[in-house]
Number of protein chains: 2
Amino acid sequence: MKIHIGILGLGTVGCGTLDVLKRNAAIIAPRAGCEIVVKRIATKHPDKPRPIEIDKSLVTADVDEILNDPDIKIVAELIGGVDPARDYVMRAIAAGKSVVTANKELIAKHGVEIIAAAEKAGVDFLFEGSVGGGIPLINPLRESLAANRVRELLGIVNGTTNYILTKMTREGSSFDDVLAEAQKLGYAETDPTADVDGFDSMYKLSILASIAFNAPINIKDIHREGIRGVTARDIEYAKELNYVIKLVALARQHDDGGLELRVHPALISAQHPLANVNDVFNAVFVRGDAVGDVMFYGRGAGADPTGSAVVGDIIEAARNLGVGGRNRVHHEPTHAPHIRPFSESKTRFYVRTQVPDEPGMLAQIATAFGQHGVSLESIVQKKSHEGIAEIVWMTHDTSQANMDSSLAAFEKLEAVREVSSLLRVEGN
Amino acid sequence: MKIHIGILGLGTVGCGTLDVLKRNAAIIAPRAGCEIVVKRIATKHPDKPRPIEIDKSLVTADVDEILNDPDIKIVAELIGGVDPARDYVMRAIAAGKSVVTANKELIAKHGVEIIAAAEKAGVDFLFEGSVGGGIPLINPLRESLAANRVRELLGIVNGTTNYILTKMTREGSSFDDVLAEAQKLGYAETDPTADVDGFDSMYKLSILASIAFNAPINIKDIHREGIRGVTARDIEYAKELNYVIKLVALARQHDDGGLELRVHPALISAQHPLANVNDVFNAVFVRGDAVGDVMFYGRGAGADPTGSAVVGDIIEAARNLGVGGRNRVHHEPTHAPHIRPFSESKTRFYVRTQVPDEPGMLAQIATAFGQHGVSLESIVQKKSHEGIAEIVWMTHDTSQANMDSSLAAFEKLEAVREVSSLLRVEGN
């Protein structure tokens, strides 16, 4: 049996997908139970040079040649972004085609609508490549781990920021210097906002959480901070305290059903499995009530790894077409999530302050923390410089509200010249 | 819709499976697309006390009440061992029931026959729980990673030996002492052979490799060594050289298609992700041609983690029954594997020798290594004791044949009083 597919988009992921399909055709066919044939590839730039050889006779600038071709049963949307990808995906689904995509932004913003349309049409909508490159994450959450109530997801899901933080940690360099170098090497975009300000991690977290908790996640409910504020000095202190700083994506479900969703830099204990996830590698730690702690680790991006995930999904869609098992996994959200207000989120904190080197200053701050319900775990004070001492405070678990009111109180304290950094501590 | 299932066996995994099914019923039903109802539980010991409450009216000592009940569509075989499990599984399949199992020995020894029967009968035969407890491994290899040519599997798949080696590493204690303690704590069996001599790891490797390489694996083709010979002294040297010692299961496919299959203790670089897999945790590192390096990590055993995997498979079997997609993943081996002779396997070696502390001895050994094609990477010599120096040799990549002929040559050398340890170095 042959199954015809169409590819939309011929960028990095499109080329990776075609390359994997071609070079591994001999092993893919028996595994899929059919021959997977690329019938058409649509791109706005048919003549652009590509890193792999493309059969020109398959290339078209007209997406309708894919979307309107009844012979094409599976469409891989690899354009990225919301427009026109969303329209193409909805049209493919309406035409009864299964759709595979690696488009995190599209799923994060319009997943609920697309999944509902796919369920209604009885087609597959698969997106393993949208999070963590080739690392199996979405499929295991939907299948092998389906017996679990997921308690927590804690992940490093953005390769660019992990590369930057790893380099800052190894070399003691500043964020700006490492970013400039990463841009020169092509590891970071000219406009690095999507990565360094946490948007990319936010999209990915919303996708993972929506599956883990069977709930539609609105990205507005995710607290998001990027890594621009992380300094070499914080990394140095973290190391001294036996932590590393990582940009984490966290989703935690509490016993009352309340959901915490956050993306921000955090101190992770050097003993935690995530602490050794370096460079462009990604990893996601899942805590399930039955399975306990499991972790998935690998390359979070790139033509071949993402191509691996996209082709894995194409194989699944082809299998389901072959045996009549399309839409076998119901992942339509079953309930609206109960989002816990950010002020109620609890975590340990790392607070770096500048304090006049005079008697009673430390006590003033410690008292203010205590008055606002923040209890302290440890304090590091270094030699003072020009009459100012730098003090790092590590707190026990504290609500965001208590930390916020402590910080507000500091405004009026002579003892606090400046709060230089405020970072959370995650991963137990 | 309701799907009735039968459980064979009410030991640790059986109880874990029932517990997960019951306590998470509310989330399992929407995910499976049906209600999963346990209709019968068969055990030889109906009245034995169990850690969970069991509905007595479901329990029977007669497996026929499950195998002959047309109403039961899925059977979970959780007895373990080959007899009578094999007979029950074959009968369930012949009766058109899907079968889920966590029985590694059964699959390692009779998987080919059972899988062929399941394909013929058009039923599912699923066994995620047979390797790595609740860690998703088999499903990701069959689905998300199906686009890859797997180059290598390197795993820590036995919790008992990993616990023993971790404790030896942390405390500097001997194998015998730690084993005795593990037995007292219930982490090791009274007869520890299956674990410490590598049989358990061998079964699991044969299962993973048969899926990764689409080939039936005969356990006789797996080179197997246990950890009884690992000494506190070797662990100490390894630490000094920046390695840890782990019992690894390795399958490597070479460019000519030749397959290397081995279970043995090995030195793993302290920087390798597997080096930090401690205590009873398991992890499997997969190198695919497209995905690159991915790793799966979690608890490798226990009632709840294995129950998580078994129930995940029950959910999959139920989904496939619901949508008519049974037997959607073809994992019948596609070809006989080409097993590379063990003498041709190449690896780096760690060789610990006792050498008379006299001039020319070291040169004698180095010359013998060279004459047999073994090139040396580094040498560690410690202060001698009663005229005997201990020398540790780290080699470059060397074939087993060259190492064997070096060792044979040592027999005739005055310089080698004893080869105290021979360990391989894995993980790049």
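Quick caveat, the model's predicted, so the values are computed rather than measured.

Some words on the pairing of strand β14 (residues 346–356) of chain A
Residue and element names in this part refer to chain A.
Item 1. Counting buried positions along β14 yields 10 of 11 residues, so the element is predominantly enclosed.
Item 2. Here β14 runs beside strand β17 (residues 398–399); their pairing, made up of 2 bridges, is antiparallel. Note on β17: the bridge partner recorded for threonine 347 is threonine 398.
Item 3. Pairing between β14 and strand β18 (residues 418–426): 7 bridges, direction antiparallel. Its bridge partner lying in β18, phenylalanine 349 is registered against arginine 424.
Item 4. Where β14 lies against strand β16 (residues 388–395), 7 bridges are found, and the strand directions are antiparallel. Looking at the pairing, valine 351 lines up with tryptophan 393 of β16.

Some thoughts on the sheet that holds strand β6 (residues 125–126) of chain A
Item 1. The strand order β3-β2-β1-β4-β5-β6 (chain A) describes an open sheet built from 6 strands, whose pairing is parallel. Looking at strand neighbours, the two that pair on one side only are β3 (59–60) and β6 of chain A, the edges of this open sheet.

So, the interface of chain B and chain A
Item 1. Taken together, the contact between chain B and chain A spans 55 residues of the former and 54 residues of the latter.
Item 2. The contact between chain B and chain A buries some 4600 Å² in all, and 49% of this surface belongs to carbon and sulfur atoms.
Item 3. Contact with chain A buries surface across chain B, with Arg31, Arg319 and Arg328 of chain B losing the most and accounting together for 15% of the total.
Item 4. Viewed at the interface, chain A and chain B are joined by 2 salt bridges.
Item 5. In this structure, arginine 23 of chain B engages aspartate 289 of chain A in a salt bridge whose closest nitrogen and oxygen atoms are separated by 3.1 Å.
Item 6. Where chain B touches chain A, the interface holds 28 residue pairs in polar contact (both at pLDDT 80 or more).
Item 7. The set of elements that each furnish at least two residues to the side of chain B that touches chain A consists of α1 (12–23), α2 (25–32), α6 (138–142), α10 (199–212), β12 (292–299) and α12 (303–323) of chain B.
Item 8. Split into classes, the residues belonging to the side of chain B that touches chain A amount to 26 nonpolar, 16 polar and 13 charged.
Item 9. Direction of pairing for strand β12 (residues 292–299) of chain A relative to β12 of chain B: antiparallel, over a ladder of 3 bridges.

Remarks on empty space enclosed by the protein
Item 1. The final tally for this structure, using the stated rule, is 5 cavities of 30 Å³ or more.
Item 2. In this structure, the largest cavity spans a volume of roughly 70 Å³.
Item 3. Arg142, Ile211, Asn214 and His330 of chain A together with Arg31 of chain B are, among the 10 residues lining the largest cavity, the residues nearest its centre.

As for the pairing of strand β4 (residues 72–77) of chain B
Successive residues of a regular strand alternate their side chains across the two faces of the sheet.
Residues and elements named next belong to chain B.
Item 1. With 5 of its 6 residues buried, β4 lies for the most part within the structure.
Item 2. Here strand β1 (residues 2–8) pairs with β4 via 5 bridges, running parallel. Looking at β4, one finds that isoleucine 7 is bridged to alanine 76.
Item 3. In this sheet, strand β5 (residues 98–101) lies alongside β4 in parallel orientation, the contact comprising 4 bridges. In the sheet register, glutamate 77 faces β5, and the bridge partner there is threonine 101.
Item 4. Once the chain exits β4 it traverses helix α4 (residues 85–94) before rejoining the sheet at β5, and the crossover so formed is right-handed.

Some remarks on the relation of the copies chain B and chain A
Item 1. Each copy of the sequence occupies a distinct position, and chain B is placed on chain A by a rotation of 180° and an axial shift of 0.0 Å, giving an RMSD of 0.0 Å. Such a combination of rotation and displacement between the chain copies is what one expects of a two-fold axis.

Points about the sheet that holds β5 of chain B
Picture the strands of a sheet paired through backbone hydrogen bonds; they go either parallel or antiparallel.
Residue and element names in this part refer to chain B.
Item 1. Strand order across the open sheet formed by 6 strands is β3-β2-β1-β4-β5-β6, with parallel pairing between neighbours. Looking at the sheet topology across the chains shown, the edges are occupied by β3 (59–60) and β6 (125–126).
Item 2. With 2 bridges connecting them, strand β2 (residues 35–42) and β3 associate as parallel partners. Looking at the pairing, alanine 42 lines up with threonine 60 of β3.
Item 3. Those strands touched by α1 are β1 and β2, and its axis lies near 150° from that of β2.

Overview of the environment of tyrosine 203 of chain A
All names here are of chain A.
Item 1. Looking at the secondary structure, you find tyrosine 203 in helix α10 (residues 199–212).
Item 2. For tyrosine 203, a relative accessible area of 10% corresponds to the buried category.
Item 3. Look past the residues within four positions of tyrosine 203 in its chain and what remains in contact with it is Lys104, Glu105, Ala108, Lys109 and Ile219.

Comments concerning the packing of aromatic side chains
All names here are of chain A.
Item 1. One pass over the structure, following the stated rule, counts 11 aromatic pairs over all chains.
Item 2. When the centroid spacing of 5.0 Å and the interplanar angle of 80° are considered together, the rings of phenylalanine 369 and phenylalanine 410 count as edge-to-face. Highlighted residues: phenylalanine 369 in helix α13 (residues 361–371) and phenylalanine 410 in helix α14 (residues 400–410), separated in sequence by 41 residues.
Item 3. Judged by relative accessible area, which is 0%, phenylalanine 369 ranks as buried.
Item 4. Phenylalanine 410 gets classed as buried once you look at its relative accessible area, which sits at 2%.
Item 5. Feature note: the residues Phe369, Trp393 and Phe410 constitute an aromatic cluster, connected by ring pairs.

Side note on the pattern of salt bridges
Item 1. Following the criterion strictly, the structure yields 55 salt bridges over all chains and no others.
Item 2. One salt bridge connects arginine 352 of chain A with glutamate 390 of chain A, and the closest N-O pair in it is separated by 2.7 Å. Taken as a pair, arginine 352 of chain A in strand β14 and glutamate 390 of chain A in strand β16 lie far apart in primary sequence, 38 residues in all.
Item 3. Residue arginine 252 of chain B is joined to glutamate 426 of chain B by a salt bridge in which the shortest nitrogen-to-oxygen separation is 2.9 Å.

Looking at α4 of chain B
Given 3.6 residues per turn, any residue in an α-helix points the same way as the ones three and four places further on.
Residues and elements named next belong to chain B.
Item 1. Within the sequence span of α4, burial applies to Ala85, Tyr88, Val89, Ala92 and Ile93. The arc enclosing the buried residues of α4, seen along the axis, measures out at 130°, which places them on a common side.
Item 2. The elements touched by buried residues of α4 are β1, α3 (64–67), β4, β5, α5 (104–121) and β6.
Item 3. Glycine 96 lies just past α4 and shows a positive phi near 80°.

Here we look at the packing of α1 of chain B against α12 of chain B
All names here are of chain B.
Item 1. Between α1 and α12, whose axes approach to 7 Å, the crossing angle comes to 65°. As α1 runs across α12, the sense of the crossing is right-handed. Residues Thr12, Val13, Gly16, Thr17, Asp19, Val20, Leu21 and Arg23 of α1 touch α12, and the partners they reach there are Ala303, Asp304, Thr306, Gly307, Ser308, Val310, Val311 and Ile314.
Item 2. Among the residues making up the contact of α1 with α12, the classes are represented as 7 nonpolar, 6 polar and 3 charged.

The rules behind each value
- Residues numbered from 1 in each chain as written.
- Chains lettered and ligands numbered in written order.
- Predicted model: local features only at pLDDT ≥ 70, side-chain atom pairs only at ≥ 80, totals over all residues.
- Heavy atoms only, no water.
- Buried < 20%, exposed > 50% of the residue type's maximum accessible area, 1.4 Å probe, protein only.
- Helix = DSSP H or I, 4+ residues; strand = E, 2+ residues; numbered from the N terminus.
- Pairing = 2+ DSSP bridges.
- Contact = heavy atoms within 4.5 Å.
- Buried area = accessible area lost by both parts, 1.4 Å probe.
- Salt bridge = Lys/Arg side-chain N within 4 Å of Asp/Glu carboxyl O.
- Polar contact = N/O pair within 3.5 Å; in protein donor to acceptor, adjacent residues only side chain to side chain.
- Nonpolar A, V, L, I, M, F, W, Y, C, P; charged D, E, K, R; others polar.
- 1 Å grid on protein atoms, 1.4 Å probe; cavity = no way out; pocket = protein on both sides within 12 Å on 5 of 7 lines; lining within 4 Å.
- Points joined across faces, edges and corners; volume = space filled by probe spheres on them.
- Right-handed = clockwise from strand over helix to strand, strands pointing away.
- Least-squares fit on C-alpha atoms with pLDDT ≥ 70 in both.
- Axes fitted to C-alpha atoms, helices over the stretch in contact; angles between N-to-C directions.
- Phe/Tyr/Trp six-rings, centres within 6.5 Å; stacked < 30°, edge-to-face > 60°.
- Arc of directions from axis to C-beta.
- Left-handed = near helix turned anticlockwise from the far one by under 90°.

Any functional reading would require information beyond the geometric quantities listed.
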